[in-house]
Amino acid sequence: MKRLEQLQAVLVARDLDGFLVNNLTNIYYLTGFSGSNATIFVEPDAVTFFTDSRYTLAAKDILHPVIRFIETRLELAEVENLVRDRGLKRIGFEPTVPYHYYQELANRLSAQELVAEANLVEDLRIIKDEFEIAVIQEACKISDQAFMDALEFIKLGQTELEIANFLDFRMRELGASGLSFDSIVASGPNSAMPHAHPGQRQLQSGDSLTLDFGCVFNHYVSDMTRTIYLDHVSDEQAALHQLVLDANQAVIDQAQAGMLLTDFDQAARSLIDQAGYGPAFSHSIGHGMGLEVHEEPFFRAGSEARLQSGMVVTDEPGIYLDGKYGLRIEDDLWIKEGGCQVLTKAPKELIII
Ligand SMILES: [Mn+2]
């Protein structure tokens, strides 16, 4: 109930009589319920939960007793009745709902003031508690182990898809319930594309091989990237690997609560700029992660936001040389007062197999 109480305090501060939550990830965060259909209506002094008959037993099992439960497939009709009965006037909703859903809401609540409120729950999710950190740590351990096992598995001649399948299956064997996203396995010239899809290309001597993957464990995710090399490396590959590793390490050395998000990005970017590869680092340094693999905070240029204790963010500098190859090293960092803790532990120095 603590998270719902935090949200209720936000409603009071924003002068909202009610707030409709449809995002299922936000509903899991607030109530612990996971399923494909649920809606909650939060008032400053009450919470009502709606789902259909498939989930009645699951919901009753986990919902806190003060949450009112209504089994229905027509939750907006129920919300309309509730809003009328209680004389509510200013109602917030998540602007990510489908347009037809918004139209029905607007028709039913035509006498109320409807307010699109982005990120009310997402802003609470930014700061992870100790339980959430412990679960993310477990997800990171699974990816670390899958990477170590992949080092034994990977051989010349294998396709990118074979390696992706190995990583995916291994993470599930190690206890993951799923993948945080489709694994990226990019070899040779394909590694110049930051988000390449694994295909039928076979590993060749001298290839760079970028592995970007993560798993879901107890609803929370990991996200890591390692770049390794097949058979031998050129002087340029070795130098760029050291440069990206230094950029990744510079972020780890400087990250702490209170740091501007733009300074976190600059810690890596300034090194890559100085070496003359600035334009080849074509994406931002990272993103927040937790229940979703990409969530607040986002490292947007011009942002004035700062890191806070309890955030988990990625540190993923890369260099991409069109037509040649690319490389990226990504860790997950737990931000604290005065420093950070690296949650992904797999080796990231130059590895040639
Ligand atoms: Mn990432």
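Just above, that's the structure.
This is a predicted model, so every value here is computed, not measured.

Moving on, we come to the pattern of salt bridges. A complete count under the given rule lists 25 salt bridges for this structure. One salt bridge in this structure joins Glu-132 and Arg-3, with 3.7 Å as the shortest N-O distance. On the criterion of sequence distance, the pair formed by Glu-132 in helix α7 (residues 130-153) and Arg-3 in helix α1 (residues 2-13) is long-range, its members being 129 residues apart. For Glu-132, a relative accessible area of 1% corresponds to the buried category. Given the relative accessible area of 18%, Arg-3 is considered buried. Across the pair Arg-170 and Asp-149 runs a salt bridge whose closest N-O atoms are separated by 2.6 Å. Taken together, the residues span a long stretch of sequence, with Arg-170 in helix α8 (residues 160-173) and Asp-149 in helix α7 at a distance of 21 residues. Several salt bridges converge on common partners, so that one network encompasses Glu-80, Arg-84, Glu-104 and Arg-108.

Within the largest apolar cluster, 38 residues are counted, with the highest numbers of intra-cluster contacts made by Leu-7, Leu-30, Ile-40, Val-42 and Phe-49. Elements supplying a minimum of two residues to this core: α1, β1 (18-21), α2 (24-31), β2 (39-43), β3 (46-51), α6 (120-125), α7 and β11 (220-221). When neighbours within four sequence positions are excluded, Ile-40 is seen to be in contact with Leu-4, Phe-19, Leu-20, Val-21, Ile-27, Leu-30, Thr-31, Thr-48 and Phe-49. If you look at the next biggest cluster of nonpolar residues, it comprises 33 residues, including Ala-268, Leu-307, Tyr-325 and Ile-329.

Another aspect to go through is α2. Burial of α2 is extensive: six of the eight residues sit out of reach of the surface. For α2, the full list of buried residues reads Asn-26, Ile-27, Tyr-28, Tyr-29, Leu-30 and Thr-31. Two or three places before Thr-25, at the start of α2, stands the capping residue Asn-23, its side-chain oxygen 2.8 Å from that residue's backbone nitrogen. Positive backbone phi, approximately 85°, marks Gly-32, located one or two places after α2.

Here we come to the sheet that holds strand β9 (residues 208-213). Read from one edge to the other, the open sheet built from three strands follows the order β8-β9-β12, with strand pairing classed as antiparallel. Two strands lie at the open edges of the sheet, namely β8 (184-187) and β12 (224-229), each paired on one side alone. Looking at each pair of strands side by side, their axes are set apart by 10° on average, direction ignored. Strand direction decides the pairing type here: β9 and β12, joined by six bridges, are antiparallel. Considered in β12, the bridge of Leu-209 is made with Ile-228. Packed on one face of the sheet, α7 meets β9 and β12 and runs near 15° to β12.

Reading the values: rules and limits
Residues numbered from 1 in each chain as written. Predicted model: local features only at pLDDT ≥ 70, side-chain atom pairs only at ≥ 80, totals over all residues. Heavy atoms only, no water. Salt bridge = Lys/Arg side-chain N within 4 Å of Asp/Glu carboxyl O. Helix = DSSP H or I, 4+ residues; strand = E, 2+ residues; numbered from the N terminus. Buried < 20%, exposed > 50% of the residue type's maximum accessible area, 1.4 Å probe, protein only. Core = buried A, V, L, I, M, F, W, Y, C linked by side-chain atoms within 4.5 Å. Contact = heavy atoms within 4.5 Å. Polar contact = N/O pair within 3.5 Å; in protein donor to acceptor, adjacent residues only side chain to side chain. Pairing = 2+ DSSP bridges. Axes fitted to C-alpha atoms, helices over the stretch in contact; angles between N-to-C directions.

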